[in-house]
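Analysis of the macromolecular model
Spelled out, the chains give:
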Amino acid sequence: MTKRVSLFVTCVVDQLLPRAGLAMADVLKRVGYEVEFRTAQTCCGRPAYEAGCREQARAVGEHFLAAFADAEFVVTPSTSCASMLRKRLPELSGPAAREVAGRVWEFSRFLVEIAKVEDVGARFEHQVVVQEAEGLNCGLRLLGHVKGLEQLPMSDWAGSGDLWGSCEPVSPGLVNRIVGSGASHVVGMETERLLLLRRALQRGSHAIETVHLAEVLASR
Amino acid sequence: MTKPAEIRGHVLANLDHYLAELEKQLTGQGGKVVYLSSADEVADYIELLAREREVRITGGVEDIRRHVERLEPRVENYLQGESSAAAEVLPMAGGELDISAAAFLVAEAGAICLAGQRAGGAGPRIQIVVAGIEKVLPRMRDVAVFLPLLDAGDTRFLTGPRRAGELDGPEELYLILLDGGRSELLADVEKRDLLRCVRCGACLPGEAGGDAVVCPVGIDIESLPLLLREEAPAEVGGWKFRLWGFVMRRPRLYEFAGQMLRAFWREEWGLPAPPSKTFRQSWREGKK
């Protein structure tokens, strides 16, 4: 019997970064999963939670819980939305939420810990820097098996405030360090910051591209 | 008194004393100490200083203000995960003038501890350090208690401008002590302890893992940040989130809103232009 995963692409990927969601689906199929997309899904509730509107965060979180109540594995491309669902939603919504939220997996962690694959047969012949993110370890292990990919060192990412989702503008210092690294691509797992970074790089007319980890893993 | 929580409690109870000592020491060593009440005032001050020194700085007062708010956010904002843990320098005018945040200030030594910076190098000609008034510690050895909490990387200590015969250090050193609502917080018995925060980040979303976290400086993080978060909606405009929540629980309405986003997208929003199709549109087409 084929194992089945349910995608939670998040509102950001649905609206602004669909390629990342499609790439994630491709990779999951490639490693042997049947992939479904539930159209009732919208958002995890994080924007309201971060703004302090716990009531609305809970309401939208419970919409998520209802939509995925019977899903065995829910896989999402955003580290901070995964964190919202796994850690914050149970605080707002109680034990029932903990049960569903425990079945939510950030994409890279799902591949490494559940699917138990690190080499997905990807080829990506570029020099990249990797965006700092929560739970980066699994992402790095997957990238380590990508043929042709060279990861360049970049210091001080953590000091830039670019760790988890927020609407803070990307700091000029971070952009400068990325440009200085000589990389052609920034690979990321935190979609909101990745988008803001894309915008900041475009504004500065830098030819550096931003790609989601799933897009790197899907390319061959 | 060697525990972080004890030291921070002691500092807050004697804040005026330690600030006076810091000012006396640092001024004696040739630094200039300025008290300002808001990020707006800091931005105006720096802009004026740059003009007087004929240093050309990129961006205007507004850029400086935003940078200052990033460097030295209010404790409430910091605890709500709205700002970075570690400081970042904004070099301006090609290394002529730097605006940095202090990790700590040391009263006894009149010293400023900058964390997360590259060691060595001549540094800027004019060094400006912005620090919340609560950043002060009594003695040099207290720094050793707190630095490990910060995971700060390299640190630099400034004790004044460059003296005759010294090889590096700034020609001018300004320490801007920023109030920014902190003295109000200090007067509020329920929230005063927030000022103990040294921005170690252990309690922040994305860092802590949602498991039980013990705050090293003894802030009751279980209840205080929650108290702050629940106060916030009045400020952020509750009706906007009620509307948002209404839409997000109705997938068809959400999809319609996504189409509106595409139709009315504006450059100024600060996000890249949305692609022509959403994920769900592409998915539906792929399934046909």
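Here the structure is a predicted model, which is why all the values come from computation and not from measurement. (Residues numbered from 1 in each chain as written. Chains lettered and ligands numbered in written order. Predicted model: local features only at pLDDT ≥ 70, side-chain atom pairs only at ≥ 80, totals over all residues.)

Moving on to the overall build of chain A. When helices and strands are counted, chain A shows 11 helices and eight strands. Burial status across chain A gives 56% buried among its 220 residues. (Helix = DSSP H or I, 4+ residues; strand = E, 2+ residues; numbered from the N terminus. Buried ≥ 20, exposed ≤ 12 C-beta atoms within 10 Å, placed from the backbone.)

Our next topic: the sheet that holds strand E5 (residues 127–130) of chain A. Residues and elements named next belong to chain A. Taken in spatial order, the four strands make up an open sheet running E6-E5-E7-E8, and their pairing is parallel. The two strands at the open ends of the sheet, each matched to only one other strand, are strand E6 (150–151) and strand E8 (209–212). Pairing analysis gives four bridges linking strand E7 (residues 185–188) to E8, with the strands arranged parallel. From the neighbouring strand, valine 187 faces E8, where its bridge partner is valine 211. (Pairing = 2+ DSSP bridges.)

Here the focus is the nonpolar core. Membership of the largest hydrophobic core comes to 79 residues, with the highest contact counts inside it found for A:Met24, A:Val75, A:Leu85, A:Ala214, A:Val216 and A:Leu217. Beyond its immediate sequence surroundings of up to four residues, A:Met24 is in contact with A:Leu7, A:Pro77, A:Phe107 and A:Ala214. In this structure, B:Leu19, B:Leu97, B:Ala111 and B:Leu150 belong to the second largest nonpolar core, which totals 59 residues. (Core = buried A, V, L, I, M, F, W, Y, C linked by C-beta atoms within 7 Å. Contact = placed C-beta atoms within 7 Å.)

Residue and element names in this part refer to chain B. If you check helix H2 (residues 15–28), its first and last C-alpha atoms are 20 Å apart, about what 14 residues at 1.5 Å a residue would give, namely 20 Å. Residues of H2 that are buried include every one of Tyr18, Leu19, Leu22, Glu23, Gln25 and Leu26, and no others. Buried residues along H2 sit against helix H1 (4–13), strand E1 (32–36), strand E4 (104–106), strand E7 (136–137) and strand E9 (172–178). Within two residues after H2, glycine 30 carries a phi angle of roughly 100°, on the positive side. (Expected span 1.5 Å × (residues − 1).)

A few words now on the sheet that holds strand E8 (residues 155–158) of chain B. All names here are of chain B. Pairing is mixed across the open sheet formed by four strands, whose spatial order is E7-E4-E5-E8. Each edge of the open sheet is held by one strand with a lone partner, namely E7 and E8. Here strand E5 (residues 111–115) runs beside E8; their pairing, made up of four bridges, is antiparallel. Residue pairing across strands places cysteine 113 opposite phenylalanine 157, the latter belonging to E8.

Low pLDDT means the predicted coordinates in that region are not meant to be read closely. All names here are of chain B. Within chain B, residue pLDDT values average 83, and 83% of them lie at 70 or more. Mean pLDDT values over the elements of chain B span from 47, in helix H9 (residues 233–236), up to 96, in E7. Here the complex is predicted with pTM 0.59, and the ipTM for its interfaces comes to 0.93. (pLDDT = per-residue confidence, 0-100.)

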